[in-house]
Structure formats: structure tokens, C-alpha cells
Amino acid sequence: MTQTTKVSLRGLYKIFGNDDKSVLPHVKAGMGKEELLTTHKHVLGLRDINVEMQSGEITVVMGLSGSGKSTLIRHLNRLIEPTDGEILVDGVDVMNLSTTDLRQMRQNKMSMVFQKFALLPHRTVLQNAAMALDIKGLPTEEQEQEAKNWLARVGLGGFENHYPAQLSGGMQQRVGIARALTSNSDIMLMDEAFSALDPLIRTDMQDLLLELQVELKKTIIFITHDLDEALKLADHLVILKDGAVVQQGEPQGILMNPTDPYIEDFVSDINRARVLRVRSVMQPLSEGQFAGDVQANDNLESLIAASGGDTAPALPGLGWQQQTRRHPRYARFGQSSGAARLQLGSRHPLSLKRPPAPQAPAR
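Per-chain numbering applies: the sequence of each chain, read as written, is numbered from 1 onward. Side-chain atom pairs in this predicted model are given and counted only at pLDDT of 80 or more, local residue features only at pLDDT of at least 70, and totals for whole chains, interfaces and linings cover all residues. Working from all heavy atoms in the structure, the side-chain values ignore hydrogens and water.

By the criteria applied, helices consist of DSSP H or I runs no shorter than four residues and strands consist of E runs no shorter than two, each listed in order from the N terminus. The span expected for a helix works out to 1.5 Å for each residue beyond the first. The end-to-end C-alpha distance of helix H8 (residues 169-182) is 20 Å, a good match for the 20 Å that 14 residues give at a rise of 1.5 Å each. Exposure classes here rest on a 1.4 Å probe applied to the protein chains alone. A residue is buried below 20% of its type maximum, exposed above 50%, and partly exposed in between. Taken across its 14 residues, H8 has 12 buried, putting it largely inside the fold. Within H8, burial applies to Gly170, Gln172, Gln173, Arg174, Val175, Gly176, Ile177, Ala178, Arg179, Ala180, Leu181 and Thr182. In what follows, a contact means two residues having at least one pair of non-hydrogen atoms within 4.5 Å. Packed against the buried residues of H8 are strand E6 (110-113), helix H5 (125-129), helix H6 (131-136), helix H7 (140-153), strand E7 (187-191) and helix H9 (199-216). With its phi angle positive at about 60°, Asn184 sits one or two positions after the end of H8.

Listed below in C-alpha cells is the structure:
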């Protein structure tokens, strides 16, 4: 399927200070964040950002605190003005929009989900969810019907007349997601949307987002500092450090092939069996017996469980073998001589062995 670029960032720079244009040449010449602050009393926010965000995909931007990820997302709707560079949405440079056109873009093309929910405490859940349509001036009945539909989709049917203070944190964030969906915008900006939630609620919200995305195919730009969350959600992953892109690409590829010591440190302690997908280690299978079928997007932890949990050292010369079956979402796994080798990176070999078949009792 041909991909369409929805949002494009080209040569984007942001320098915070009273005279950012004057120090831009120093940054382009290679001056770092600390030197810029010490010498010129300016703060480097973003340096030469070049990212293509595809229509219908989740692009996750991650990094530690101060890496520039929230600064980046606020450039997309011009809540922050860049020092230099281009911001293209559907091929149109956002920097050339008039005040009226910019307002129209924010109302119709983009919605935003905030870390702290940003619900109006004096309005009901229904009124909060319908806010985008209220601003557009739609009839009240149409507003409420659309808002009720999306509240039901995020599991808040029956809570329409409650107020935010009467809801848990996870429920409040569901209202925020319903509000963004009610606006019917193509692009959703999610700035650390789940970071303030408890772990179990956070997992539920991630699952909800993925479930909705299967149907809606929104263009989502998601900000996080959590690698597990990034690997779970991202179609395209962008990792920032000190305002610059260190590595970007398909998450599984970044996990298996980090190109920078900074990225290696990020992924060194992660449970690879939990985040790596079957499709990342698939190879064509031309012969041998099949031990079973799995989905190509299942994680390797599921595959190990399906094998009976035997992860004894791999036998020499045996390769992990899989092939797609009728549909690219599925794969078959098979053994040669009773074992198959699963490679989880150069330092993490495992093997999966099928339990021996029970033998008939001797007569």
C-alpha cells in the first residue's frame, strides 16, 4: 500500500531567547546546547529536525526530559513558533497561514490530548466532549449526539452528566480522547497523554487507542518518555536527545539495530521477548514440520509459551524458520530435528524445542 505523508518537518530549529535569529548560525555551525546557553544565554530546543509522518499511522516521539519532544509537538499547530524550518501539513506550509487559516486548521484538522486532561471543571462530561463542535457553532442536539457516540466508544456511556471531579484519572483521560475524536480531525496530537496514569490504567488506555486506531486510521503524533509504551504504540519511532533526532524508523528495527550508544543504553535492559514481534525474526520456511500457527504481530513471549517454554541453548546449525500462511498477519513456526533457533539479537540466542511425542506403551 502506498504511503501518504500527512505531516512533514524539514530543517526545523527552535532556539529560546530574546534574539534567536542572531544565534541560529552558531547552532547550524555545530554549537551545542550547553555552549549556547553559556556563551549566548539562549536555550536550544530543536536542532535540524527532519521527520515524515505518514497518514493513518502512529508516530511516537520519545526521549528523556528536556530532549525537546513536547516542544516538537507544539510546533505542529504553531503553539510554539520555530526559529527556522518548514512545517508541512497536507503539503501546505503552516508558517504561511494567516491567523484565520491557522485557526481553521486547529479547529478542523488537528485535535490535542493533554497529559493533565485539560477538562473544564464546571462543564459536564458531555459538554467537555462536545467542546470542539460547540466552538464550531453546530446545533446543540448534533453536538450532544456526536459526543454521546464517542463517549460510549471509549467506555463512558452513562457518565454524560457527571463532572470531571467525579471521575478517576483514567476516566478523565477517556473524556479527553472522546473530545479529540468528536472533533473529527484527521490528526491527533497526544502529548504524554498517559504519563499521569497508574500503570494498569495506562495499559488499558494504550489498548483502547490501538483498538480505535484499527478502525479510524487517524494520523497520531504521540509523545512519551517510556520506551515500552513507544514500542507498543508506534508505527514510526523518533528518538530525540538534546533537541536532535538520534535515530528514527520502524520500532522493531531500532530495537534490533541501534545505531548510537544512546539508543543502545535505552534498549539494553528491555525485555526483548515481550516487545519483539514474530515478524521481526521471520524467515521463509520451505520444508520441515509445522509446530503451530501464530500471528505475525504476536510477541516472542507468546511464542515461547506456545513452544512449551523450553529455552535451552540452541543446537548448532539450526535456524529459526517461519513463513506466512494465507494472510501476512499469520506465520507458521516449525522445527528441524526437534528444535528451532530463535535469535533475539546478537547477545540473546534462545531455542524453542517441541516436547517429544508420547510413545505407545510396550506390549
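This paragraph deals with the side chain of Thr219. With respect to the helices and strands, the residue Thr219 is situated in strand E8 (residues 219-224). For Thr219, a relative accessible area of 3% puts it in the buried group. In this structure the side chain of Thr219 is engaged in a polar contact, spanning 3.1 Å, whose partner is the backbone nitrogen of Gly56. If near-sequence neighbours (up to four positions away) are discounted, Thr219 is found in contact with Lys6, Gln54, Ser55, Gly56, Glu57, Asp186, Ile187 and Met188. As used in this structure description, the phrase polar contact means that two N or O atoms lie within 3.5 Å; if the pair is within protein, one of them must be able to donate a hydrogen and the other to accept it, and residues adjacent in sequence are counted only when both atoms belong to side chains.

For the rest of this paragraph, the subject is H9. Its 18 residues place the ends of H9 25 Å apart at the C-alpha level, agreeing with the 26 Å of an ideal helix rising 1.5 Å per residue. Every buried residue of H9 is accounted for by Arg202, Met205, Gln206, Leu208, Leu209, Leu212 and Gln213. End-on view of H9: buried residues confined to an arc of 160°, all on one side of the axis. Of the residues in H9, the exposed ones pointing more than 90 degrees away from the buried face are Leu200, Glu211, Val214 and Glu215. Along its buried surface, H9 packs onto strand E3 (58-62), H7, H8, E7, E8 and helix H10 (227-233). Of the residues flanking the end of H9, it is Lys217, one or two places downstream, whose phi is positive at about 55°. The directions considered for the arc are those from the helix axis to the C-beta atoms.

Note on aromatic contacts: the rings of Phe and Tyr and the six-membered ring of Trp form a pair at centre separations within 6.5 Å, being stacked when their planes are under 30 degrees apart, edge-to-face when over 60 apart, and tilted otherwise. Summed over the entire model, instances satisfying the criterion amount to two aromatic pairs. Pairing Tyr262 with Phe266 gives two aromatic rings, centres 5.1 Å apart and planes at 90°, and the pair type is edge-to-face. Of this pair, Tyr262 and Phe266 both sit in helix H12 (residues 261-267), separated by four residues, roughly a single helical turn. Definition used: whenever NZ (Lys) or CZ (Arg) falls within 6 Å of the ring centre and also within 35 degrees of the ring normal, the charge is taken to sit over that ring. The aromatic ring of Phe16 is capped on one face by Lys14, whose charged end is 5.1 Å from the ring centroid.

Let us now look at the packing of H7 against H8. Direction vectors running N to C along H7 and H8 enclose 130°, while the axes themselves pass 9 Å from each other. Regarding the angle of H7 to H8, the classification is oblique. Considering only the axes of H7 and H8, their crossing is right-handed. Where H7 approaches H8, its residues Glu146, Ala147, Trp150 and Leu151 are matched on the opposing element by Ala178, Leu181 and Thr182. Of the residues that constitute the contact of H7 with H8, the class distribution is five nonpolar, one polar and one charged. Inter-axis angles, ranging from 0 to 180 degrees, are taken between N-to-C directions of lines fitted to C-alpha atoms, where helices are fitted over the stretch in contact. To sort the angles, those under 35 degrees are grouped as roughly parallel, those over 145 as roughly antiparallel, those from 65 to 115 as roughly perpendicular, and the leftovers as oblique. Each helix crossing is assigned a hand: it is left-handed if the near helix lies turned anticlockwise from the far helix by less than a right angle, otherwise right-handed if that turn is clockwise. Amino acid classes used here: Ala, Val, Leu, Ile, Met, Phe, Trp, Tyr, Cys and Pro are nonpolar; Asp, Glu, Lys and Arg are charged; the rest, including Gly, are polar.

Turning to unusual backbone geometry, a few remarks are in order. At Phe117, a position not held by glycine, the phi torsion is positive, near 75°. Note on placement: Phe117 falls in the loop between E6 and H5. On the basis of relative accessible area, Phe117 is assigned to the buried category, the value being 13%. Positive phi outside glycine occurs at Lys217, with the angle close to 55°. Looking at where Lys217 falls in the secondary structure, it is placed in the loop between H9 and E8.

The mixed open sheet is built from six strands, whose spatial order is E6-E7-E8-E3-E9-E10. Of all the strands in the sheet, the pair left with one neighbour each is E6 and strand E10 (244-249). Put simply, the sheet's adjacent strands are angled 15° from each other on average, direction ignored. Of the strands in this sheet, E6 and E7 touch H8, which is tilted by about 180° from E6. By definition, two strands form a pair when at least two bridges between them are found by DSSP.

Attention now moves to the pairing of E3. Taking burial as the measure, the five residues of E3 include five buried ones, the bulk of the element. On E3, burial covers both faces: Ile58, Val60 and Met62 on one face and Thr59 and Val61 on the other are all buried. The pairing of E3 with E8 spans five bridges and is classified as parallel. Bridge pairing in E8 places Ile58 opposite Ile220. As paired elements, E3 and strand E9 (residues 236-241) share four bridges and run parallel to each other. In the strand pairing of E9, Val61 is matched with Val238.

Without other data, these values stay purely geometric and don't point to any function.
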